[in-house]
Amino acid sequence: MAVQKIIQYPHPILKSRSETVQTIDERVVRIIKNLLDTLTASPGVAIAAPQIGEADRIIICDVSGKIKEKNHGRIILVNPLIRHREGKKIFREGCLSVPDYTGNVSRADKVWVEGLDQEGRPIRLIAEGFEALALQHEIDHMDGILFLDRIASLSTDIFRRKTY
Amino acid sequence: MNRFVIITAAGPDRPGIVAGITRVLYKTGCNIEDTSMTLLRGEFAMMLIVKLPQRLKVQDLEHHFKAVKKSLGLALLMKPLSVKEARRNKKPAGHPFILSVYGSDHPGIVYRVTRLLTSRAINVTDMNTRVIGPVRKPIYVMVLEVEIPEKVRIEGLKTALRTLQKAVKVDMALHPVESAQF
Ligand SMILES: [Zn+2]
C-alpha cells in the first residue's frame, strides 16, 4: 500500500494545469498504483493525480460501491478528454481537496469520454448520471478547476424569483 | 482565548448594506466567519458569526455600529458565543433530506409539519418558505432541509407525513439530498 496524503486547497497544484502523459513509464505506473491505494482508503469515489501531488493528467473513478445504476466500475484514465456533453444536472458536490464544504454544481448529465488505459491503449466510454458527474469533476482537476469554480446556485436559493 | 458573537441584522434592502456592516467589522479588527444573508421581499436579513479581537467587548462593537445602524435603518442583535458554541465541523445528527410542502395558504402549516418532525427528533437545518400565486388565492410553499437520525424509519415517517398531508390539506415530498464527495 502506498496511500498518499490528499492535498488540500490552497496548495497551488490544485489550481494548475497538469501535464499530458507522454509515455506510460514506471513513474506513471507508480502514480496509478498510489491513486488506487489512496482512493481505496478515502471516502471519495474518484481521484485525480494532482490531489496526491502529481501534476499529470491521470484520473481514477469507481462509482460501483456508491450507486446501483449501470456504471463502468473502476475506470483508470490517462490523458482524459470529454468529447461531447449532453443534458444538464445540478448536484451537490464536495471534493476531497476542499474539506467540509459542498455546493450545488451544474454539469452535463451525459458525457463521451476518451483517454488511455494504464497500458496506453485508447479507451472510449459514455457515462451517464452520477458517473458522468464524477468524471467531469476529476477531468476538471486536470486543468486546475475546482467545484468552487462551478457553483450554480446557493443551497438556499431555490426560491430565487425568476426575472423576465 | 477566542471570543465570538453572532450578529443578526435586518433592514430595508438597498445597495451597500453588506459593505456598511463589514466595514465596521473590518475597522474594529473583527474576523467574519460563517454568514448567511438573504432577501425576504424588500427586507435584507443576515446572520454573521464573527470572531472578536482580543480587547474588543461586545458592548463596544455595538457602539461602533451606531452610525451605520442609523444610516441603513437596521435592527441589530448581538449574542456572544462561547468557543464551544462557535466551533466548526459539528457532526451531522443524521442523513440530509429535503422535505417540500405546498398547498393553499392557511395558518398552521409550518407548525404542524415541524411539530411532527420534532416528535421524531428530526432537526431542521435550513428552511425557506414563500407565499406565491395570486393575492386572492395564495399558495404556500415551504422547503426544509432536515437531518433524519439513523434510528428513524423513513417508511414510517412517510406514512406519518401522508396522514398529516391529508389533515392539513397540503402536498408533500420527502427525498434524500443527493450529494457526493469526488
Ligand atoms: Zn475533487
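Please read these numbers as outputs of a predicted model, since none were measured by experiment.

Q: Pulling in residues and values, what's your account of the overall build of chain A?
A: A tally of regular secondary structure across chain A gives 2 helices and 8 strands. Reading the helices (α) and strands (β) of chain A from amino to carboxyl end gives α-β-β-β-β-β-β-β-α-β. Over its C-alpha atoms chain A spans a radius of gyration of 16 Å, differing by no more than 12% from the 15 Å that the globule rule assigns to 164 residues. If you line up chain A on its principal axes, its C-alpha atoms span 55 × 30 × 30 Å. Looking at the 164 residues of chain A, the share that counts as buried comes to 50%.

Q: Break down the pattern of salt bridges for me, with residues and values.
A: It is possible for side chains of opposite charge to pair when their charged atoms get near one another. Residue and element names in this part refer to chain A. One pass over the structure, following the stated rule, counts 14 salt bridges over all chains. Of the charged contacts in the structure, one is a salt bridge between Asp56 and Arg27, with a shortest N-O distance of 2.6 Å. You can see Asp56 sitting in the loop between β1 (46-48) and β2 (58-62) and its partner Arg27 sitting in helix α1 (residues 26-40), a full 29 residues away along the chain. Its relative accessible area of 35% is what places Arg27 among the partly exposed residues. Here Asp140 ties to Arg107 by a salt bridge, and the two come within 2.8 Å at their closest N and O atoms. Taken together, the residues span a long stretch of sequence, with Asp140 in helix α2 (residues 129-141) and Arg107 in strand β5 (residues 98-107) at a distance of 33 residues. For the residue pair Asp140 and Arg107, the accessibility class agrees, reading buried in each case. Salt bridges linked by common partners bring Glu93, Arg107, Asp140 and Arg150 together as one network.

Q: Describe α1 of chain A, and please don't skip the residues or the numbers.
A: Residues and elements named next belong to chain A. Counted at 1.5 Å a residue, the expected span for α1 with its 15 residues is 21 Å, and the 21 Å between its end C-alpha atoms agrees. Residues of α1 that are buried include every one of Val28, Ile31, Ile32, Asn34, Leu35, Leu36, Asp37, Thr38 and Leu39, and no others. Tucked into the core, α1 has its buried residues touching β1, β2 and β3 (74-86).

The rules behind each value
- Residues numbered from 1 in each chain as written.
- Chains lettered and ligands numbered in written order.
- Predicted model: local features only at pLDDT ≥ 70, side-chain atom pairs only at ≥ 80, totals over all residues.
- Heavy atoms only, no water.
- Helix = DSSP H or I, 4+ residues; strand = E, 2+ residues; numbered from the N terminus.
- Rg over C-alpha atoms; globule rule 2.2 N^0.38 Å.
- Buried < 20%, exposed > 50% of the residue type's maximum accessible area, 1.4 Å probe, protein only.
- Salt bridge = Lys/Arg side-chain N within 4 Å of Asp/Glu carboxyl O.
- Expected span 1.5 Å × (residues − 1).
- Contact = heavy atoms within 4.5 Å.

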